[in-house]
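# Coordinate analysis (summary)
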Amino acid sequence: WVAVAYPLAMGFAIVYMGEHYVIDVLAGWAYGAGAFWAVWILPEWWGRRRAGSALASPPPQPPAS
């Protein structure tokens, strides 16, 4: 829960204290979500996609003699 509560509390605090606008906080959260997706989700998806395309292609045939 701390991983959820801290960004919410920090976002509230920096807006309340006048350090940032709400859009700054939302953009930061979107940037963090995008970075998480790019580092954790995208490589896994890309690996599954490449493995699936390798299985979909037929194996090479030996030359006819």
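See the structure printed just above.
Residues numbered from 1 in each chain as written. Predicted model: local features only at pLDDT ≥ 70, side-chain atom pairs only at ≥ 80, totals over all residues. Heavy atoms only, no water.

### Quick look at the packing of aromatic side chains
One pass over the structure, following the stated rule, counts 2 aromatic pairs. Taking the centre distance of 5.6 Å and the plane angle of 15° together, the rings of F12 and Y16 count as stacked. Placement of both F12 and Y16 in helix 1 (residues 2–16) is noted, with a separation of 4 residues, approximately one turn of the helix. Note on Y16: relative accessible area 63%, which makes it exposed. (Phe/Tyr/Trp six-rings, centres within 6.5 Å; stacked < 30°, edge-to-face > 60°. Helix = DSSP H or I, 4+ residues; strand = E, 2+ residues; numbered from the N terminus. Buried < 20%, exposed > 50% of the residue type's maximum accessible area, 1.4 Å probe, protein only.)

### Considerations on the pattern of salt bridges
What the rule picks out here adds up to 1 salt bridge. As a salt-bridge pair, E44 and R48 come within 2.9 Å of each other at their nearest N and O atoms. With a gap of 4 residues between them, E44 and R48 both fall in helix 2 (residues 22–56), about one helical turn apart. With a relative accessible area of 49%, E44 lands in the partly exposed category. (Salt bridge = Lys/Arg side-chain N within 4 Å of Asp/Glu carboxyl O.)

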